[in-house]
Amino acid sequence: MALLCIIFTIAEPAFLSFGNLSGILRQVALTGIMAIFMTYVIMTGGIDLSVGPVMALAGLAAYAVYYGTGLPVGFAILFGLSVGMVVGTINGFAIAAFGLPPIIVTLGMLSIVRGFALLMGGPDLHQVRDEPFYTFLGNGRILELPVSVWIFFGLAALMFSVEKRTSFGLMISSIGDNMRAVFLSGRSVTKTVCMVYVLSGMGAAVAGMLLSSQVHTASATYGEFGVELDVIAAVVLGGTSLMGGKGSVIRTVFGVLLLGVINNGLNILNVPVDQQLMVKGVIIVAALAVSEWAQRVKSGR
């Protein structure tokens, strides 16, 4: 990431301006929030492909409660969060209790949730208006940084503490490393796996409501296909193994920032979109290759 920053700054000095760096953080905040919780999922050896539609459904749910019932905005936000957590509970239970493959369960849930969101809100844009607190979450600033960035960093710090200071954090990596050993030790694998998918659904719901706040609309078409791939790419770039057992929330944060630097740098240099996709792919593969090489050197292999 440092090397890319140097290259982009030499090519365009404006890259290092506060406004541009703040813009990078704002652009990656929503992906980062989902990636934090996706880290836990992947550390258990699982994956969650349903985060994109959950984004859309959570934003629609909060919109429907606030404008449809007249309840305070706090209740609308809690309802949006609960929607994501319900989807996560279903994913986690199906995977942990029935032993179904995570990629199949969450791929099916992706289709179900998207269909439900379209049934609920249709393809139209629903305007979010006259609610200062809700729009502040997506567009407000604290100490010159967007509120969404503070939420991203706050959740990262909280989840890093959970990872390092609680038995739940230890269980997550242990399940990914050797699930049978954890089961034989008398620990509840089912509860832990369910919880990581609940957290993933909640993270997607937070991102979905922040998105609807930023653009002042809620829609069933938000969180389009590809969002989950960016989230997974950020987690893997941070060094989390897709096989499970190895990972870190803090390293995921750096993976998210690396993706943001790549996207912003290519945009600021006016690289055409088709070339951006190719360059981005090459950089990601190169970064993963360097990371793998460093791990082998460290382990003496």
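Residues numbered from 1 in each chain as written. Predicted model: local features only at pLDDT ≥ 70, side-chain atom pairs only at ≥ 80, totals over all residues. Heavy atoms only, no water.

(A) Looking closely at the overall build of the chain. Secondary structure assignment for the chain yields 13 helices and 4 strands. What you see for the chain is a C-alpha radius of gyration of 19 Å, in line with the 19 Å of a compact globule of 301 residues. Taking the principal axes of its C-alpha atoms as reference, the chain extends roughly 60 × 55 × 35 Å. In the chain, which comprises 301 residues, the share counted as buried stands at 50%. Pairs at least 24 apart in sequence give 78% of the contacts found in the chain among residues at least 6 apart. A total accessible area of about 14400 Å² is found for the chain, and carbon and sulfur atoms account for 69% of it. Taking the average location of the 15 positive side-chain charges in the chain and that of its 13 negative ones, the two points are 14 Å from each other. (Helix = DSSP H or I, 4+ residues; strand = E, 2+ residues; numbered from the N terminus. Rg over C-alpha atoms; globule rule 2.2 N^0.38 Å. Buried < 20%, exposed > 50% of the residue type's maximum accessible area, 1.4 Å probe, protein only. Contact = heavy atoms within 4.5 Å. Areas by Shrake-Rupley, 256 points an atom, 1.4 Å probe, with all protein chains shown as cover. Lys, Arg positive; Asp, Glu negative; His and termini not counted. Charge placed at Lys NZ, Arg CZ, Asp CG, Glu CD.)

(B) Highlighting the environment of Phe133. Among the secondary structure elements, Phe133 is positioned in helix 6 (residues 132-139). Along the sequence, Phe133 and Gly74 sit 59 residues apart, while their C-alpha atoms lie 9.4 Å from each other. With residues up to four places along the chain from it excluded, the contact list for Phe133 reads Val73 and Ile77.

(C) Focus on the side chain of Thr252. Relative to the helices and strands, Thr252 resides in helix 12 (residues 249-268). Taking relative accessible area as the criterion, Thr252 reaches 1% and is therefore assigned buried. There is a polar contact of 2.7 Å between the side chain of Thr252 and the side chain of Thr39. With sequence-adjacent residues up to four places away left out, Thr252 is seen in contact with Ala35, Ile36, Thr39, Ala234, Val235, Gly238 and Thr240. (Polar contact = N/O pair within 3.5 Å; in protein donor to acceptor, adjacent residues only side chain to side chain.)

(D) Unusual backbone geometry, seen in detail. Located in the positive-phi region is Leu143, a residue other than glycine, with phi close to 55°. A relative accessible area of 70% places Leu143 in the exposed class. If you check the backbone angles, Asn270 has positive phi at about 60° while not being a glycine. With respect to the element layout, Asn270 can be found in the loop between helix 12 and helix 13 (273-299).

(E) Structural context of a nonpolar patch on the surface. A cluster of nonpolar side chains, Phe136, Ile142, Leu143 and Trp150, forms an exposed patch at the surface whose accessible area comes to about 400 Å². Mapped onto the secondary structure, Phe136 falls in helix 6. The exposure class of Phe136 is partly exposed, given its relative accessible area of 36%. (Patch = residues over 30% accessible without salt bridge, like charges linked within 9 Å, V, L, I, M, F, W, Y side chains within 5 Å. Salt bridge = Lys/Arg side-chain N within 4 Å of Asp/Glu carboxyl O.)

(F) Structural context of the pattern of salt bridges. If you walk through the whole model with that rule in mind, you get 1 salt bridge. Residues Lys164 and Glu163 are paired through a salt bridge, measuring 3.6 Å at the closest nitrogen-oxygen approach. What makes Lys164 exposed here is its relative accessible area of 55%.

(G) Inspection of the environment of Ser200 at higher detail. Within the element layout of this structure, Ser200 appears in helix 10 (residues 189-215). For the pair Ser200 and Gly92, spaced 108 residues apart in sequence, the C-alpha separation works out to 9.9 Å. In this structure, Ser200 is in contact with Phe37, Val41, Asp48 and Val51, ignoring residues within four places of it in sequence.

(H) Quick look at the packing of helix 4 (residues 73-98) against helix 5 (residues 102-121). Where helix 4 contacts helix 5, the axes come no closer than 9 Å and their chain directions differ by 150°. Put simply, helix 4 runs roughly antiparallel to helix 5. Crossing angle aside, the handedness with which helix 4 passes helix 5 is right-handed. Contact residues: Val87, Ile90, Asn91, Ala94 and Ile95 in helix 4; Pro102, Val105, Thr106, Met109 and Val113 in helix 5. A breakdown of the residues in the contact of helix 4 with helix 5 according to their chemical character gives 8 nonpolar, 2 polar and no charged. (Axes fitted to C-alpha atoms, helices over the stretch in contact; angles between N-to-C directions. Parallel < 35°, antiparallel > 145°, perpendicular 65-115°, else oblique. Left-handed = near helix turned anticlockwise from the far one by under 90°. Nonpolar A, V, L, I, M, F, W, Y, C, P; charged D, E, K, R; others polar.)

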